[in-house]
Amino acid sequence: MRLNIKLIGLLFILLAGSIITKGADIDPGALTGTVTDKKDGTPIIGATINIPDLKIGTNTDANGKFAINRLSKGVYLVQISYLGYSTFTQKVDFSKTTVLDVQLQESSIETGEVIITGVSKATELKRSPVPMIAVGKAYIDQRSAAGNVIDMIANLPGVSAVTTGPNISKPFIHGLGYNRVITLMDGIRQEGQQWGDEHGVEVDQNSIDRVEVIKGPASLSYGSDAIGGVVNLISPPPVPDGTILGSVQGTYGTNQGLLNSSFRLQGNNNGLIWGTILSAKEAKDYQNQHDGRVYATGFKEKDARVMVGLNKSWGYSYFNASLFDDEQDIPDGSRDSVTRQFTKQITESDLYRPIVSQSELNSYAIPVLHQHVQLYRIYNNSSFNLGNGNLIVNLGYQFSHRREYTHPEDATIAGLNLHLTTYTYDFKYNQIIGNGYETTFGLNGQYQNNTIGDATAFPIPAYHQFDIGPFFIVKKSFGKLDLSGGARYDRRSFSGQAAYIDTSSKYPQLYTGSNPTGTPSVYSQFTALNKTFTGMSGSFGATYNFSDAFLLKANISRGFRAPSIAELSANGPDPGSQIYHVGNSSFKPEFSVQEDIGAFITLPNVSASVEVFNNNIQNYIYQQQVLNPDGSPAVNPAFPLYAIFTYTQSHARINGGEVSLDIHPTSWLHFENSVALTYGTNLGNGGKVPDSLKYLPFIPPVHTHSELRGAFNKGFGAIKSLYAFVGLDHYSAQNRFFSAYGTETYTAGYNLLSAGLGGNLVNKAGKKVVELFIEGTNLANVNYQSNMSRLKYFDNTNTAPGVQRGIFNMGRNVSFKVVVPFDLSPHAEKKI
């Protein structure tokens, strides 16, 4: 298997070398033009010109003019945008067009969004039949109070997050998450033990400028694990040619004393692209009125990334390397039975727990019991002109190292120690054939090697995994009708290794001797396991644009997911989740069929949409607690504090929809409204499903969001791009919950008030000097528990009658984010 990976790498190097050599003879194309205001013809200064498929762009100068050189020949989508104006989007043939003059029209409606995720080439969002949503840098900057990259998008319609405190969030799309949603970083799939509850997505939130979300099965393009959808986190685009631009930013959050700082520097010299982002953030325990400060919810995170690449007429090739390093407290919710103050474990026997002092609750120090998550990543995104099309190559290497330190008297001994190495490969050839048929033929997958390391708890075995999936996608436009479809075949093979545990020492450890069955105090933890899963997936959809103002979308897709290693062969405690997991090697893969229908209307002062979906899942896998004959929770004698959970399969249905209504009575005033509904039902395996099992776990409640926003893009004097908003989020009570074994309980409804303010300070030349973003969340300081928070169930095993169990979510928080941009370009004083 390792030989195969080396061969793939060698083939890529040879291919890249040959294409670059040929590319040296290509006559580079160029595009110039002027962007003006349609109303009065004045030049628009600082408009953004973007060609997503070529990863190239620029801005207009003081005369509204722009020029882009070294363009590949062919037809590509060009996007021109500026705040307060309708976005211009048009396909341009660079072999025929060298001048493009554009007039932008003032508009209070945001239109012309372009997406690159799950499509052959950059596509207008309104023309893609697949249900998607996308947000850019302005949206991300204004969510300055978000604790991590997933929290920034968790309020989008159809998107939510399962959380374990403010820095740990797992993305959920239409009620599906964990190994059912793939997170991408610049199109490279993120791999870091996604089945685990107690760690988040290992990505620096300061390095993300755009997020695109596929809301439904995306197995066609991404294979197994995309049965619920895809979250694509996209790093900053290259800066314009001839510039060196950077920024320094800092964020402070009042609730937990969050300190988040980041440094960014990017350059572009005649197509030689480079950049770096360095970040560090830390926080102490968060607080609310009900619990005070919540012990063991602090963290310290350090991040670094570098990028270097070429962007020429033959295409582009970018190499990226990044490090994510997070030390995260491990909460367990234990409290003093009388005062309800938090307590902490200080001995291995755990016979007595002292109350946590106020000084420790207010400290940034990481406690003895904590987890340390590191992810090292190297990846390449390349696109080469080849024949009449282009070859896209995405190759990635990741090493995930996750340790949980769970021994209070032996601080350096890890309870959990997992090492996951992943190689990902993705090859796609895009070509227009016949009469405008856009086609993609691809092959992608991954190879993984997991080792369980020097530890004392072993929830999953060491294993190898190999995925491979060929696929094709065809897209064709017939006037107002856009059709898109494709098919894929996936194969995933597991090879789990047998393992034995030696209990002769103070702590259990992995047995490495040659005679496990004949050695006292040694028992079998895992048996060898070899499994292969295969499946077909596909998608077909249509978009009909009745006019520029009204369109309909419909899509049907089939998803595929092979069981995870934890679901197949887990047999051990997970200290972070306080569960003893037991897998089931007889599982079948999950298959889903989802139907989506959407209607969208865009008028000068009103925009609205209605989207509904229905997802039927075969062999849906979920956890259930093991009970003793008397109904009490079963435990492993070696781990008496850990309840045993095993996995089971059944049929399931998830359906719902989203409705949005945005009203723009004036050019500067926006009244945005949305409601999202998701219902999850366990259909069982033919017989009647008990009431306690009939709902699926972690299904978000009905969520409505209303926001009144004022946007003054031209600003006042030296203050530009001024905005202010007030928002109200209503979460209905969740009385449709997975109540079996006390897994979930009823969650009361609640309302959250938020507000924000920000803008840019510019100098006399119109250049930004300072950017300011202020956001307040839960401003009414409401005591509430989210049904998507795992901390809702963290408490003592037994509590006094009338006590509200669990930990409440964060109280009032006000965040201040300041960005100071700088320009180190040659002759920077002449640039705009």
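Every value quoted in this text rests on a predicted model; they were computed, and no experiment measured them.

Caption draft 1: Up close: the overall build of the protein chain. Scanning the protein chain from terminus to terminus reveals five helices and 46 strands. Over its C-alpha atoms the protein chain spans a radius of gyration of 27 Å, differing by no more than 12% from the 28 Å that the globule rule assigns to 832 residues. Dimensions of the protein chain along its principal axes, counting C-alpha atoms only, are 80 × 55 × 55 Å. The 832 residues of the protein chain split such that 56% are buried. Considering only residue pairs separated by 6 or more positions, the protein chain has 66% of its internal contacts joining residues 24 or more positions apart. Of the roughly 33200 Å² of accessible surface on the protein chain, a fraction of 59% belongs to carbon and sulfur atoms. Computing the positive centroid from 66 side-chain charges and the negative centroid from 68, the protein chain places the two 5 Å apart.

Caption draft 2: Spatial organisation of the pairing of strand β17 (residues 243–253). Strand direction decides the pairing type here: β17 and strand β18 (residues 258–269), joined by 11 bridges, are antiparallel. Among the inter-strand pairings, Gly-253 is bridged to a residue of β18, identified as Leu-258. Hairpin connection, β17 to β18: the antiparallel pair is bridged by four residues, and Gly-257 has positive phi, about 65°. Where β17 and strand β46 (residues 813–823) come together, nine bridges link them in antiparallel fashion. When the bridges of β46 are listed, Gln-249 appears paired with Val-819.

Caption draft 3: Geometry of the pattern of salt bridges. Tallying each qualifying case throughout the model produces 34 salt bridges. One connected set of salt bridges, linked through shared partners, spans Arg-189, Glu-191, Asp-225, Asp-467 and Arg-492.

Caption draft 4: Looking closely at a nonpolar patch on the surface. Side chains of Tyr-544, Phe-546, Phe-550, Leu-552, Ile-601 and Leu-603 sit close together on the surface and give an oily, nonpolar patch of about 470 Å² of accessible area. For Phe-546, the position within the fold is in the loop between β33 (529–545) and β34 (550–561). The class for Phe-546 is partly exposed, based on a relative accessible area of 39%.

Caption draft 5: Examining the pairing of strand β3 (residues 56–59) more closely. Across four bridges, the pairing between strand β2 (residues 48–51) and β3 is antiparallel. From the neighbouring strand, Ile-51 faces β3, where its bridge partner is Ile-56. Turn length for the β2-β3 hairpin, with the two strands adjacent in sequence and antiparallel, is four residues, and the turn residue Lys-55 shows positive phi of about 50°.

Caption draft 6: Structural context of the sheet that holds strand β4 (residues 65–71). Here we have three strands laid out as an open sheet, ordered β4-β1-β7, and mixed in their pairing. Only two strands of the sheet have a single partner each, and these edge strands are β4 and β7 (102–104). Averaged over all adjacent pairs, the angle separating strand axes in this sheet is 25°, with direction ignored.

Caption draft 7: Up close: the environment of Ser-539. Its place among the elements puts Ser-539 in strand β33. Ser-539 sits in the buried class, given a relative accessible area of 15%. Along the sequence, Ser-539 and Ser-107 sit 432 residues apart, while their C-alpha atoms lie 35 Å from each other. Contact partners of Ser-539, with chain neighbours within four places excluded, come to Leu-220, Ser-484, Gly-485, Gly-486, Asn-555, Ile-556 and Ser-557. A distance of 3.4 Å separates a polar atom in the side chain of Ser-539 from a polar atom in the side chain of Asn-555.

Caption draft 8: Inspection of the packing of aromatic side chains at higher detail. Under the defined criterion, the tally for this structure stands at 27 aromatic pairs. What links up through ring pairs into an aromatic cluster is the set Phe-172, Tyr-178 and Phe-698. The positively charged end of Lys-476 is found above the aromatic ring belonging to Tyr-437, 5.1 Å away from the centroid. A cation over a ring is seen here: Lys-553 above Phe-600, with NZ or CZ 5.1 Å from the ring centre.

Caption draft 9: Region of interest: empty space enclosed by the protein. Going through the model one piece at a time under the given rule, you end up with 14 cavities of 30 Å³ or more. Each pocket or cavity is described by its volume, and for the largest cavity that value is around 500 Å³. As for the largest cavity, its lining consists of 31 residues, of which Ile-116, Tyr-316, Ile-392, Asn-394 and Lys-428 are closest to the centre. Of all elements in the fold, only α3 (219–222), β16 (229–234), β24 (370–386), β25 (389–405), β26 (416–433), β27 (437–451) and β28 (463–478) reach the threshold of two or more residues within the lining of the largest cavity. A class-by-class count of the residues in the lining of the largest cavity yields 11 nonpolar, 14 polar and six charged. Size it by volume and the second largest cavity reaches roughly 310 Å³. Every element with two or more residues in the lining of the second largest cavity is listed here: α3, β28, β29 (481–496), β33 and β34.

Caption draft 10: Fine view of the sheet that holds strand β31 (residues 509–510). The strand order across the open sheet formed by three strands is β31-β30-β32, and the pairing between neighbours is antiparallel. On the outer flanks of this sheet lie β31 and β32 (522–526), each paired with one strand and no other. Judged from the two bridges that link them, strand β30 (residues 499–502) and β31 form a sheet pairing that is antiparallel. The residue bridging Asp-502 from the neighbouring strand is Gln-509, located in β31.

Caption draft 11: Spotlight on the side chain of Ser-144. In this fold, Ser-144 is placed in the loop between α2 (137–142) and β11 (159–163). Among residues more than four places away in sequence, those in contact with Ser-144 are Thr-251, Phe-773, Ile-774, Glu-775, Ser-815 and Lys-817.

Caption draft 12: Focus on the side chain of Asn-619. Position of Asn-619 relative to the elements: it lies in strand β38 (residues 606–625). A polar contact of 2.9 Å, which involves the side chain of Asn-619, links it to the backbone oxygen of Pro-589. Contact partners of Asn-619, with chain neighbours within four places excluded, come to Lys-588, Pro-589, Glu-590, Gln-649, Ser-650 and His-651.

Caption draft 13: Representation of the environment of Asp-596. Among the structural elements, Asp-596 can be located in strand β37 (residues 590–602). C-alpha separation for the pair Asp-596 and Leu-71, spaced 525 residues apart in sequence, amounts to 37 Å. Setting aside anything within four residues of it in sequence, one finds Asp-596 in contact with Pro-131, Lys-215, Lys-553, Ala-554, Asn-555, Val-612 and Phe-613. Within the structure, the side chain of Asp-596 is placed 3.0 Å from the side chain of Gln-594, a separation counted as a polar contact.

Quick notes on the rules
- Residues numbered from 1 in each chain as written.
- Predicted model: local features only at pLDDT ≥ 70, side-chain atom pairs only at ≥ 80, totals over all residues.
- Heavy atoms only, no water.
- Helix = DSSP H or I, 4+ residues; strand = E, 2+ residues; numbered from the N terminus.
- Rg over C-alpha atoms; globule rule 2.2 N^0.38 Å.
- Buried < 20%, exposed > 50% of the residue type's maximum accessible area, 1.4 Å probe, protein only.
- Contact = heavy atoms within 4.5 Å.
- Areas by Shrake-Rupley, 256 points an atom, 1.4 Å probe, with all protein chains shown as cover.
- Lys, Arg positive; Asp, Glu negative; His and termini not counted.
- Charge placed at Lys NZ, Arg CZ, Asp CG, Glu CD.
- Pairing = 2+ DSSP bridges.
- Salt bridge = Lys/Arg side-chain N within 4 Å of Asp/Glu carboxyl O.
- Patch = residues over 30% accessible without salt bridge, like charges linked within 9 Å, V, L, I, M, F, W, Y side chains within 5 Å.
- Axes fitted to C-alpha atoms, helices over the stretch in contact; angles between N-to-C directions.
- Polar contact = N/O pair within 3.5 Å; in protein donor to acceptor, adjacent residues only side chain to side chain.
- Phe/Tyr/Trp six-rings, centres within 6.5 Å; stacked < 30°, edge-to-face > 60°.
- Lys NZ or Arg CZ within 6 Å of the ring centre and 35° of its normal.
- 1 Å grid on protein atoms, 1.4 Å probe; cavity = no way out; pocket = protein on both sides within 12 Å on 5 of 7 lines; lining within 4 Å.
- Points joined across faces, edges and corners; volume = space filled by probe spheres on them.
- Nonpolar A, V, L, I, M, F, W, Y, C, P; charged D, E, K, R; others polar.

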